Amino acid sequence: MEMMEVPNHRERSTSDNMNRHLDSNGKYVRYTSEQVEALERVYSECPKPSSLRRQQLIRECPILANIEPKQIKVWFQNRRCRDKQRKEASRLQSVNRKLSAMNKLLMEENDRLQKQVSQLVCENGYMKQQLTTVVNDVSCDSVVTTPKHSIRDANSPAGLISIAEEALAEFLSKATGTAVDWVQMPGMKPGPDSVGIFAISQRCSGVAARACGLVSLEPVKIAEILKDRPSWYRDCRSLEVFTMFPARNGGTIELVYMQTYAPTTLAPARDFWTLRYTTSLDNGSYVVCERSLSGSGAGPNAASASQFVRAEMLSSGYLIRPCDGGGSIIHIVDHLNLEAWSVPDVLRPLYESSKVVAQKMTISGLRYIRQLAQESNGELVYGLGRQPAVLRTFSQRLSRGFNDAVNGFGDDGWSTMHCDGSEDIIVAINSTKHLSNISSSLSFLGGVLCAKASMLLQNVPPAVLIQFLREHRSEWADFHVDAYSAATLKAGAFAYHGVRPTRFTGSQIIMPLGHTIEHEETLEVVRLEGHSLAQEDAFMSRDVHLLQICSGIDENAVGACSELIFAPINEMFPDDAPLVPSGFRVIPIDAKTGDGQDLITSNHRTLDLTSSLEVGPSPETASGDSSSSCSSSRCILTIAFQFPFEPNLQENVAGMACQYVRSVISSVQRVAMAISPSGISPGLGSKLSPGSPEAVTLSQWISQSYTHHLGSELVTIDSLGSNDSVLKLIWDHQDAILCCTLKSQPVFMFANQAGLDMLETTLVALQDITLEKIFDESGRKALCSDFAKLMQQGFACLPSGICLSTMGRHVTYEQAVAWKVFAASQNDNNNSLHCLAFSFVNWSFV
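The structure presented is a predicted model; accordingly, all values stated were derived computationally and were not measured.

## Describing the confidence of the model for the protein
For any part of a model where pLDDT is low, the fine detail of the predicted coordinates should not be relied upon.
Thinking step 1. Taken over all residues, the pLDDT of the protein has a mean of 76, while the share at 70 or more is 71%.
Thinking step 2. For the protein, helix α14 (residues 610-613) is the element with the lowest average pLDDT, namely 32, and strand β10 (residues 286-292) is the one with the highest, namely 95.
Thinking step 3. Overall, residues 592-631 carries pLDDT values under 50, and its contacts beyond four positions in sequence, including any with other chains, amount to 69 contacts.

And the structure:
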């Protein structure tokens, strides 16, 4: 086929315009219909410009033989540009539809707020009128309260339909009306990047939360997802539809029994016996509303219900309206009465907080739907080639296994056993192996043992604590315990005494698998590097792999729960891998009523770490600080660790579990002290974080003392430099600078970055390192011989030598200088700070 140049006339037929294309010289070239079809086939099969397959297809097509390669290249470039334009136009249309729907949602919200303002103005005027006519002898007995819900016969279909219609009207008045006084959720500002609009209740019975958002799914699909509450509500243990019968407009009425998990070990779990009404409205909206039925003993399983406290669900549900152009606008309302009277006083704010309900239920439901919508559109990419549903199942299994361990329900086979000396740690055992996360392939196991505890923390940000525990596993975990747990999950290698000797380097590699749309939860694989100590296994990997979820590390998320849950997993990472999860959960508690004493005396089941966090010059001052800080920031930390075991090793594993959980608790105490923003006195030898006022002051003392004793500057300080600049210069100094206490057992309290690198440790673990541990035999002798001189003249120079890092590696140094650090003047013995500083010059690993 021959080509021909066509003049650039304004009037051409439609078919001519479709086959006209610009060549490399800017002239229009017309191709025949057969040539265009051939080019389209090549482009559809090989859209990439550098594809060798494309070149082969062009050569094999005789109809394209008369077209110059350069012109074919230009055609493909133009074709690719048109594709990009179409995609961009389609994307802009989609964005425009979403913005139109969101604008409609905001206008409706504005109308609702205007109605609420009008109602409040009317109520204010009415109250003023009542106050002017009130009499002084009004008694409380004269007030008659009318029940909000009229009594209905819940045993007949007609009565249930009446209850359903009443629940529907109440729900709609909450979702779009003014039945509840809604206020914006703190820290959740609406915007173009926001998932939706969130609000919580104030001055209403129970706790309530509301969410509005736009979701690119059909209403019926959204309703099916939200009704399957165990799939997205992590605290839902089970949901059973007891009975179902039809209602008007093609709707259905269901009687539903739901069990939920308790977040801590300190209070029983809740269950609900509700009526759920699904119907459609005249305007095309789809509604699912739900309300509790009366009767604490009602439900399909009265025996299992005895382990729960019956909570009340006030009219709640989902209003789903279709949008023009696809998608839906959804309103979610959760209104609960969690019977806070039945929990210890210190936990009561947790059960009276609308923010907690919003984070756990309302916001989670909307986020889950948005997640599924993005996954169906292919907007999310996950690691290791896993399907989103598989990764989501792993996350749900980890969370469910941890909740099972924390609650220890009897119908799952859990029973409490005694552990000597551990009144504050609950030890439970499950020998039936009726666990959802344990597969039948582990029939060789004798069961699973769980050691758990809950504790009160003050002035510790939950997100910071969980993030530290995630990033610094070596600060609290024993890798050999992880190796034992991993070995028990492999048939033939589960013997308690049969785990092969392994040396762990202390390093971990975190490999992300996927995350939710707002990164509030991350699923990842953690590899703990290990090396065999046996000669015959020297070349075999002894790495331990953990499957882990981390959530709630956003410090700005108000009321959010922070969790770190992990479980050993086979390195092959099979989809049906058995999981025995352990981990941490930190829940913030609003400062309301109650004190920490009730938590301590709750059946000896709580560890109060407040005393370990109090620091000050005297016990009296410490107690005063504690009382003042109690109302500022509190949280509940729940720890649960599970250990599979053989039948004949139950007692051994129980002892090991108690000891290990105690060591983890001790480590958490040290971490809490390090990250607590309350501040720590350096004179007590506690850890100092870089940038804290204590670290600034101590760095100034270190520099001044060095200059006083040795007559030279440790760091060059500008005359206009601030105290902060002294800390920065010391922190960035090339020599390793360390400071330790002068007690019977000197312990390090501060180190600059080079010092931490030399010791291969962190500021948190620094106080566990004593002075004698870092020197070898010759170094200790040199220090002892010069110690009297050091105390007399204030400094001493040690010869070159070798010291040891925390990982056992040898470190050489050319010279070490030790000097006494004081707070005021040298002659002022009362104000002298009894600690030593060391500077290791030109150090390096052997």
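## Quick notes on the sheet that holds strand β25 (residues 736-741)
Thinking step 1. Read across the sheet, 5 strands follow the order β26-β25-β31-β30-β27 without closing on themselves; strand pairing throughout is antiparallel. Among the strands making up the open sheet, the edge pair consists of β26 (748-751) and β27 (795-798). Sheet twist, expressed as the mean angle between neighbouring strand axes with direction ignored, is 20 degrees.
Thinking step 2. Strand direction decides the pairing type here: β27 and strand β30 (residues 815-821), joined by 4 bridges, are antiparallel. Note on β30: the bridge partner recorded for F795 is W819.
Thinking step 3. Helix α17 (residues 693-710) contacts β25, β26, β27, β30 and β31 (835-841) of the sheet and is inclined by roughly 110 degrees relative to β30.

## Considerations on the pattern of salt bridges
Side chains carrying opposite charge are able to pair once their charged atoms draw close together.
Thinking step 1. With the rule as written, the count across this model stands at 18 salt bridges.
Thinking step 2. Notably, a salt bridge pairs R348 with D345, separated by 3.1 Å at the nearest N-O pair.
Thinking step 3. Overall, R348 belongs to the partly exposed group, its relative accessible area being 22%.
Thinking step 4. Each of K227, E254 and R276 takes part in a single network of salt bridges with overlapping partners.

## A closer look at unusual backbone geometry
Thinking step 1. Phi angles above zero are rare outside glycine, and E760 is one such case at about 55 degrees.
Thinking step 2. Inspection of the secondary structure puts E760 in the loop between α19 (753-759) and α20 (771-774).
Thinking step 3. Looking at E760, the relative accessible area reads 23%, which means it is partly exposed.
Thinking step 4. Despite not being glycine, N842 shows a phi value in the positive range, around 50 degrees.
Thinking step 5. Tracing the chain through its elements places N842 in the loop between β31 and β32 (844-845).

## Remarks on the pairing of β31
The side chains of a regular strand alternate between both faces of the sheet.
Thinking step 1. A large share of β31 lies buried, amounting to 6 of its 7 residues.
Thinking step 2. Of the pairings in the sheet, the one linking β25 to β31 comprises 6 bridges and is antiparallel in character. Within β31, the residue paired with A736 across the bridge is F840.
Thinking step 3. As paired elements, β30 and β31 share 7 bridges and run antiparallel to each other. Bridge pairing links W819 to A837 in β31.

The rules behind each value
- Throughout, residues of each chain are indexed from 1 in the direction in which the sequence is written.
- In keeping with the predicted nature of the model, local features appear solely for residues at pLDDT of at least 70, side-chain atom pairs appear and are counted solely at 80 or more, and the whole-chain, interface and lining totals rest on all residues.
- Only heavy atoms go into the side-chain values, all of them from the structure, while hydrogens and water stay out.
- Every residue carries a pLDDT, the predictor's confidence in it, which falls somewhere between 0 and 100.
- A helix here means a DSSP run of H or I that spans at least four residues, while a strand means a run of E at least two residues long, and both kinds are numbered starting from the N terminus.
- Only heavy atoms enter the contact rule, under which two residues are in contact if any of them lie within 4.5 Å.
- Here, strands pair whenever DSSP counts at least two bridges between them.
- Angles here are taken between N-to-C directions and fall from 0 to 180 degrees, while the axes themselves are lines fitted to C-alpha atoms, restricted in helices to the stretch in contact.
- One speaks of a salt bridge when a side-chain nitrogen belonging to Lys or Arg is within 4 Å of a carboxyl oxygen belonging to Asp or Glu.
- A 1.4 Å probe rolled over the protein chains alone gives each residue an accessible area, and that area as a share of the maximum for its type sets the label: buried under 20%, exposed over 50%, partly exposed in between.

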